[in-house]
Amino acid sequence: MTKKLNVGIVGGTGMVGQRFVQLLDQHPWFSVTAIAASASSAGKTYEESVQGRWKLQGPIPEAVKNIVVLDASKVEEVANQVDFIFCAVDMKKADIQALEEAYAKTGTPVVSNNSAHRWTPDIPMVIPEINPGHLAVVAAQRKRLGTSTGFIAVKPNCSIQSYVPALHALLDFKPTKVVASTYQAISGAGKNFTDWPEMLDNVIPYIGGEEEKSEQEPLRIWGSIVNNEIVKASAPLITTQCIRVPVLDGHLATVFVEFEKKPSKEEILDRWLKYKGRPQELNLPSAPKQFITYFEEENRPQTKLDRDIERGMGISAGRLREDSIYDYKFVGLSHNTLRGAAGGAVLIAELLKAEGYIQAK
């Protein structure tokens, strides 16, 4: 590419917005030209707006420090400066839905980190290595919104990325039942230990709304397009427990799975090793070279040691063994704010660009 696409980050001052800023610094295809947030941040430079609230390791990128933050509600003003936007706002569901549709109707593609539109029938919810075919519903969505270029695509819940890729590679064996417990980092709540000292030396066995998302969103990802809408799959049956643990980054899952056609351990490991998706075929900038990495060591993957594998965009697995009740059990791990949030959204945008859905205005 010779000319980079101009990108806006709507909700750019929060933790996920900060991660977008960090990931897009020096990106080969995209350049941040606008950052928008609440009216209270508008008019300040980005550096001023996150003063005392910068949550990530490493400094604020120099390229964005002096960008003047815009009011996210002034849709036309933001849209006129960009080719597409990432959206990571903290608002009520109905307000997020309305805001994202307003941006799309200006002809601006929206790649959303929010959950508000994950179940809108003609909006694709994508893990790029797994269901890139769902992007085909964009044509119907554009017709509904009355735009030839705008649309919304969304990233799924961060916790499911720790186990859905490993299961997806085994779909030929027809998994019928899955039990998954996820042990989720505090950054998934937009917090660090300074913000949330109660999490030190503590485990909280409840994350509001998370278990429903973890049980249902994989079925939409594995669903099919029927009459220009995504219809969720009926199997496997998934039940989960989602637990908050005193870890900064990284969601770990323990998984039990039963198959209609039970594979051998060697077949499972072979599928994990060889699995590639569209991002690997296209050699997208943020795509991991090895999507799923299996650790032979009994004490791996470990959250602290392995969450950053493939620049935080890879999935780790380990402890695969037969189970006395289910066919197999294993452990999975993903980085929740990289693969699971901003990084996953950047990868979606790269896929959309490569497939011609996002273009320069």
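Structure: see above.
The structure contained in this document is the topic of the report that follows. (Residues numbered from 1 in each chain as written. Predicted model: local features only at pLDDT ≥ 70, side-chain atom pairs only at ≥ 80, totals over all residues. Heavy atoms only, no water.)

1. Comments concerning the overall build of the protein
Using the following cut-off: Numbering of helices and strands runs from the N terminus, with a helix taken as a DSSP run of H or I at least four residues long and a strand as a DSSP run of E at least two residues long. Values of the radius of gyration come from C-alpha atoms, whereas the globule rule sets the reference at 2.2 Å times the count of residues to the power 0.38. For each residue, the accessible area found with a 1.4 Å probe, counting protein chains only, is set against the maximum for its type, and the residue is called buried under 20%, exposed over 50%, and partly exposed in between. By definition in these notes, contact holds between two residues if any of their heavy atoms fall within 4.5 Å. In this description, accessible areas are obtained by the Shrake-Rupley approach with a 1.4 Å probe, and a residue is regarded as covered only by the protein chains that are shown. By the counting rule applied here, Lys and Arg register as positive and Asp and Glu as negative, while His and the ends of each chain are not counted. Think of each charge as sitting on NZ of Lys, CZ of Arg, CG of Asp or CD of Glu.
The helix and strand tally for the protein stands at twelve helices and 14 strands. Compactness check: the protein gives a C-alpha radius of gyration of 20 Å against a globular reference of 21 Å for 361 residues, within 12% of the reference. With respect to the three principal axes, the spread of C-alpha positions in the protein is 60 × 50 × 40 Å. Looking at the protein residue by residue over its 361 residues, the buried ones come to 57%. Partitioning the contacts of the protein with sequence separation of at least 6, the portion at a separation of at least 24 is 77%. Of the roughly 15,300 Å² of accessible surface on the protein, 49% is carried by carbon and sulfur atoms. In the protein, 41 positive and 42 negative side-chain charges are present, and the distance between their average locations comes to 3 Å.

2. Things to note about helix 5 (residues 93-105)
Inclusion rule: Any helix carries an expected span of 1.5 Å times its number of residues minus one.
The end-to-end C-alpha separation of helix 5 is 18 Å, in line with the 18 Å expected for 13 residues at 1.5 Å each. Immediately downstream of helix 5, the backbone of Gly107 shows phi near 90°, a positive value.

3. Quick look at the pattern of salt bridges
Rules: Definition used for salt bridges: Asp or Glu carboxyl oxygen within 4 Å of a side-chain nitrogen of Lys or Arg.
Taken as a whole and judged by the stated rule, the model has 14 salt bridges. With a closest N to O distance of 2.9 Å, Glu129 and Arg339 form a salt bridge. Pair noted here: Glu129 is in the loop between strand 5 (109-112) and helix 6 (138-145) and Arg339 is in helix 12 (residues 338-354), with a separation of 210 residues, a long-range link. Ionic pairing is found between Glu322 and Lys262, a salt bridge with its closest N-O pair at 2.5 Å.

4. Overview of the packing of helix 1 (residues 15-24) against helix 12
As a reminder, the rule being used: Fitted lines through C-alpha atoms serve as axes, helices being fitted only where they are in contact, and the angles separating the N-to-C directions of these axes extend from 0 to 180 degrees. Roughly parallel means an angle under 35 degrees; roughly antiparallel means over 145; roughly perpendicular covers 65 to 115; every other angle is labelled oblique. What makes a crossing left-handed is the near helix being turned counterclockwise from the far one by less than a right angle; a clockwise turn instead makes it right-handed. Basically, the charged four are Asp, Glu, Lys and Arg, the nonpolar ten are Ala, Val, Leu, Ile, Met, Phe, Trp, Tyr, Cys and Pro, and anything else, Gly included, counts as polar.
Between helix 1 and helix 12, whose axes approach to 9 Å, the crossing angle comes to 55°. Between helix 1 and helix 12, the angle is such that the two are oblique. Here helix 1 and helix 12 pass one another in a crossing that is right-handed. Where helix 1 abuts helix 12, its residues Val16, Arg19, Phe20, Leu23 and Leu24 lie against Leu338, Ala341, Ala342, Gly343, Ala345 and Val346. In the contact of helix 1 with helix 12, the residues fall into nine nonpolar, one polar and one charged.

5. Some thoughts on the pairing of strand 13 (residues 315-322)
Our working rule: By definition, two strands form a pair when at least two bridges between them are found by DSSP.
Strand direction decides the pairing type here: strand 12 (residues 292-295) and strand 13, joined by four bridges, are parallel. Looking at strand 13, one finds that Phe295 is bridged to Gly318. Summarising the sheet, strand 13 and strand 14 (residues 328-334) pair through five bridges and their orientation is antiparallel. Paired with Arg321 across the two strands is Lys329, which belongs to strand 14. Taking the residues that link successive antiparallel strands as the turn, the strand 13-strand 14 hairpin has five residues.

6. Focus: the sheet that holds strand 13
Across the sheet, six strands lie side by side as 10-7-11-14-13-12; this open sheet has mixed pairing. Edge positions in the sheet fall to strand 10 (237-244) and strand 12, since each has one partner strand and no second. Within the sheet, the average angular offset between the axes of one strand and its neighbour, ignoring direction, is 20°. Each of strand 7 (175-184) and strand 10 is contacted by helix 8 (residues 210-221), which is oriented at about 140° to strand 10, the strand it contacts most. Sitting on the sheet, helix 9 (residues 265-274) is in contact with strand 12, strand 13 and strand 14, with an inclination near 175° to strand 13.

7. Brief notes about the sheet that holds strand 4 (residues 84-87)
Taken in spatial order, the six strands line up as 3-2-1-4-5-6 in an open sheet, and their pairing is parallel. Each end of this open sheet is capped by a strand with a single partner; those strands are strand 3 (70-71) and strand 6 (151-154).

8. A look at unusual backbone geometry
Of note, the bond from Ala235 into Pro236 is cis; its omega dihedral lies within 30 degrees of zero at 5°. One can find Pro236 in the loop between strand 9 (229-231) and strand 10. Of note, Gln26 is a non-glycine position whose phi angle comes to about 70°, a positive value. In this fold, Gln26 is placed in the loop between helix 1 and strand 2 (30-37). Positive phi outside glycine occurs at Asn283, with the angle close to 55°. On the accessibility criterion, Asn283 (49% relative accessible area) is partly exposed.

9. As for the environment of Val226
Among the structural elements, Val226 can be located in strand 8 (residues 224-226). For Val226, a relative accessible area of 39% translates into the label partly exposed. For the pair formed by Val226 and Pro121, sequence separation is 105 residues and the distance between their alpha carbons is 9.9 Å.

10. Regarding the environment of Lys262
Tracing the sequence through the fold places Lys262 in the loop between strand 11 (251-259) and helix 9. Classification of Lys262 as partly exposed rests on a relative accessible area of 44%. Sequence-wise, Lys262 and Glu322 are 60 residues apart; in three dimensions their C-alpha atoms are separated by 10 Å. In this structure, Lys262 is in contact with Glu322, Asp327 and Tyr328, ignoring residues within four places of it in sequence.

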